[in-house]
Amino acid sequence: MPCPLLSLCQYETNKLVRIQSVRLGSLKWTLNAAILLFICIMMLWNRKYQELDLVVSSVTTKVKGVAQMQLPGVGQVVWDVVDYSGPSQDKNSFFVVTNVIVTKNQKQGKCPEVPLKGRLCRTDKDCNKGDWDQLSHGIQTGSCVKFDLFKKTCEVSAWCPVETRTNPQRPALLAAAENFTVLIKNNIRFPAFNFIRRNILPEMNDAYLRSCQRGNDSLCPIFRLGDVVREAGEKFSEMAVEGGVIGIQIKWDCNLDRLMRRCLPRYSFRRLDEKESNRTLYPGLNFRFAKYNTVNGVEERTLYKAFGIRFDVMVFGHAGRFSFIQLIIYIGSTLSYYALTTVLIDWLIGTRCYSAEVGQNYSEKKVEPVRDKQKCILCVSYVDENNIRLVKRSQKKSLQDVKPLFVQPLKEDKGQLRAVLCLLQPDAGVDHGVDHGAAPLLASKPEPSGGRPAWCKCERCCPSSLPQEQLCCRRSDGACITTSPLFERLVLRRSLLEAVLLYRDPLSPPADRGQTAAMRHCAYTQYVSWRFGVPPEDAHPAIPSCCVWRVREEYPSPDGQYSGFKPARMASMQVCANGQL
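Nothing here was measured: the structure is a model prediction, and the numbers come from that model.

**Examining the overall build of the protein chain**
When you go through the protein chain residue by residue, the secondary structure sums to 13 helices and 18 strands. Across the protein chain, contacts joining residues at least 24 apart in sequence account for 68% of those joining residues at least 6 apart.

Right under this line is the structure:
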């Protein structure tokens, strides 16, 4: 029962061309082996056979250290972790004060504003009561008062005296923070595998944590701040003046396969902010906080502008475990790499590494051109050119004048060449099948009324009203191919044509002299085999006008009517190849 859905009942597969070559075969297997080696190395190196899961992390820190410093206007003070860690801690980060500007004994009152640029005044008219801006320390009262002996500024209601110093002290007051240490506790989890780990490994006990140093043990979770800044490519003494931001990166690259289980942290450090102070408007990192007290019933405070380094702890990573599905997906995605072998070998065959004949033969075997059936492509061969032109049939221009779509070399028929050598033997020059005494029937060849046609180059063509018949045997002026003795032997010789017809149909009776149609059409076929060799696929050989009329003169139609030559793939003169004629 036939399938009603023919389109669904069809199977398509690729056509392969097998080349018997030791060099190409060896090259193919060498390239395939190299590609396989590359795929295996990349699979093991990048663990493409594993299912991956991203890390989920939490971080806590504990800073330790004590430092003594000389505060201007305060004297010697000792700061511990409560003082230099700042008022609050952000998530996954900690802050260490390294420099400070102190303004003591501030009270609520009225005092002159700091005489920065644009804040000087001469009279009370220059000060507007209630005004303030982002750089003000308070709200203007409307009075212009003396700031010192030479400057006058607007009076403000604020915590007085206002902060007057803007630039931090050099060197940093708390440079001893370089020797502070921080303990980082990082807990991670991979939900897909239900795997939990922390950077303080099970074998690390209290004695280990008291003595471990990062210089000797890369897994030590206790870090000296000076070492962290140095590994980030910075100098602690310079960074401590204005402050900055340092990133502590913890990378987890875990292999959870049973035979290769490994899950350890790897630490790295880098600076996250812009370190060049002259390239930014607000360099470094600072903030303000105050300590309040009451003196004689009046609230006072000490203002601290703290400069310091913030350490951001960033955790990232993934874990992998063997997955058969991921292995199959990786293998499937890498099969396309083997196409590189075909591309490279095809390129080598098309280059000078191989002869043009081998490349042309391979290209014809591999590529099967298919042209639009609605376009009639004709192939033309001129006796004064050693190639074949493929032209598009035109309804207006003569075939002689149509520009070719492309030109390709003539592909000779080897059987035809051997037949030519056979026919050129001395004993083959006698035509026993032609009765020279009988006068041939002449076709009604039209006589040119105004000389030869404009498209004719050999002076033997006949005029025609059909553009596809307006074709000469030559591209330039010269002798006609019909005057060649080889044309007489290969195309017109009766004994040869009879042998070709007998080869096609061995049981057919010999053609008598009145049956000229078969001889004429066979002569056309002989000309096509001689001048075109093996014509290109889907292209129709066009026979020149001079050759057509010469054949018609030799084998005319009794009624003078001709159907014209219909091009088709016919047997060539290979019948002569093995001495059969």
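**Overview of the sheet that holds strand 15 (residues 377-381)**
Sheet architecture is open: four strands sit in the order 17-16-15-18, paired in mixed fashion. The outermost strands of the open sheet, each flanked by one partner alone, are strand 17 (406-409) and strand 18 (540-541). Contacts from helix 12 (residues 516-532) reach strand 15, strand 16 (387-392) and strand 18 within the one sheet, and its direction differs from that of strand 15 by about 75 degrees.

**With respect to the nonpolar core**
If you look at the biggest cluster of nonpolar residues, it comprises 51 residues, and the most contacted ones within it are Trp79, Val96, Phe190 and Phe311. Dropping the residues within four chain positions of it, Val96 is found in contact with Val63, Tyr84, Ala177, Phe180, Leu225, Gly308, Ile309 and Phe311. If you look at the next biggest cluster of nonpolar residues, it comprises 35 residues, including Cys480, Leu497, Val528 and Tyr555.

**Considering the environment of Leu201**
Note that Leu201 resides in the loop between strand 9 (195-198) and helix 3 (206-211). Take Leu201: its relative accessible area is 4%, and that puts it in the buried class. Placed 19 residues apart in sequence, Leu201 and Cys220 show a C-alpha to C-alpha distance of 9.5 Å. Leaving out residues up to four positions away in the same chain, Leu201 has contacts with Leu219 and Leu264.

**Some remarks on the environment of Asp559**
Position of Asp559 relative to the elements: it lies in the segment after helix 13 (545-554). A distance of 2.5 Å separates a polar atom in the side chain of Asp559 from a polar atom in the side chain of Ser557. One polar contact links the side chain of Asp559 to the main-chain amide nitrogen of Gln561, over a distance of 3.1 Å.

**Notes on the pattern of salt bridges**
Under the counting rule described, the total for this entry stands at 17 salt bridges. Between Asp83 and Lys291 there is a salt bridge whose closest N-O contact spans 3.5 Å. Taken together, the residues Asp83 in helix 2 (residues 81-84) and Lys291 in strand 13 (residues 286-295) connect sequence positions 208 residues apart. The class for Asp83 is buried, based on a relative accessible area of 18%. Residue Lys291 is classed as partly exposed on the basis of its relative accessible area of 36%. Where Asp384 meets Arg474, a salt bridge forms, and the shortest distance between an N and an O atom there is 4.0 Å. Linking Asp384 in the loop between strand 15 and strand 16 with Arg474 in the loop between helix 9 (414-423) and helix 10 (485-492), this pair joins segments that are 90 residues apart in sequence. Among the residues examined, Asp384 registers a relative accessible area of 30% and is labelled partly exposed. For Arg474, a relative accessible area of 14% puts it in the buried group. Taken together, the salt bridges that share partners define one network made up of Glu178, Arg224, Asp227 and Arg230.

**Points about the state of the cysteines**
The tally for this structure, following the rule as stated, stands at five disulfides. Here Cys254 is linked by a disulfide to Cys263, with a sulfur-sulfur distance of 2.0 Å. Around the S-S axis, the bridge from Cys254 to Cys263 shows a dihedral of about 50 degrees and counts as right-handed. The class of Cys254 is buried, set by a relative accessible area of 0%. Cysteine Cys456 remains unbridged, with the sulfur of Cys461 as its closest cysteine sulfur at 3.5 Å. Assessed through its relative accessible area of 1%, Cys456 is described here as buried. Residue Cys546 stays outside any disulfide, its sulfur separated by 3.6 Å from that of Cys480, the closest cysteine. Relative accessible area serves as the criterion here: at 3%, Cys546 is assigned to the buried category.

**Remarks on unusual backbone geometry**
Cis geometry marks the peptide bond from Cys160 to Pro161; its omega dihedral reads -5 degrees. Turning to its location among the elements, Pro161 is positioned in the loop between strand 7 (152-160) and strand 8 (181-190). Residue Pro171 is reached from Arg170 by a cis peptide bond, and omega for that bond is -5 degrees. As for its placement among the helices and strands, Pro171 is situated in the loop between strand 7 and strand 8. Positive phi values are uncommon outside glycine, yet Asn105 reaches one of about 55 degrees. Since its relative accessible area comes to 43%, Asn105 is described here as partly exposed. The phi torsion at Asn194 lies on the positive side, around 55 degrees, for a residue other than glycine. As for its position among the elements, Asn194 is in the loop between strand 8 and strand 9. Residue classification places Asn194 among the exposed positions, given a relative accessible area of 57%.

**Quick look at the packing of aromatic side chains**
One pass over the full model with this rule turns up 15 aromatic pairs. Where Trp79 meets Tyr304, the ring centres are 6.2 Å apart and the plane angle is 65 degrees; that geometry is what we call edge-to-face. Residue Trp79 is found in strand 4 (residues 75-79), and its partner Tyr304 is found in strand 14 (residues 298-322); the two are separated by 225 residues along the sequence. When sorted by exposure, Trp79 lands in the same class as Tyr304, which is buried. Feature note: the residues Trp79, Phe95, Phe287, Phe289 and Tyr304 constitute an aromatic cluster, connected by ring pairs. Stacked on the ring of Trp549, the Lys or Arg Arg552 has its end atom at 4.9 Å from the ring centre. Lying over the aromatic face of Tyr562, Arg552 brings its terminal NZ or CZ to 4.3 Å of the ring centre.

Parameters and conventions
Residues numbered from 1 in each chain as written. Predicted model: local features only at pLDDT ≥ 70, side-chain atom pairs only at ≥ 80, totals over all residues. Heavy atoms only, no water. Helix = DSSP H or I, 4+ residues; strand = E, 2+ residues; numbered from the N terminus. Contact = heavy atoms within 4.5 Å. Pairing = 2+ DSSP bridges. Axes fitted to C-alpha atoms, helices over the stretch in contact; angles between N-to-C directions. Core = buried A, V, L, I, M, F, W, Y, C linked by side-chain atoms within 4.5 Å. Buried < 20%, exposed > 50% of the residue type's maximum accessible area, 1.4 Å probe, protein only. Polar contact = N/O pair within 3.5 Å; in protein donor to acceptor, adjacent residues only side chain to side chain. Salt bridge = Lys/Arg side-chain N within 4 Å of Asp/Glu carboxyl O. Disulfide = S-S within 2.5 Å. Phe/Tyr/Trp six-rings, centres within 6.5 Å; stacked < 30°, edge-to-face > 60°. Lys NZ or Arg CZ within 6 Å of the ring centre and 35° of its normal.

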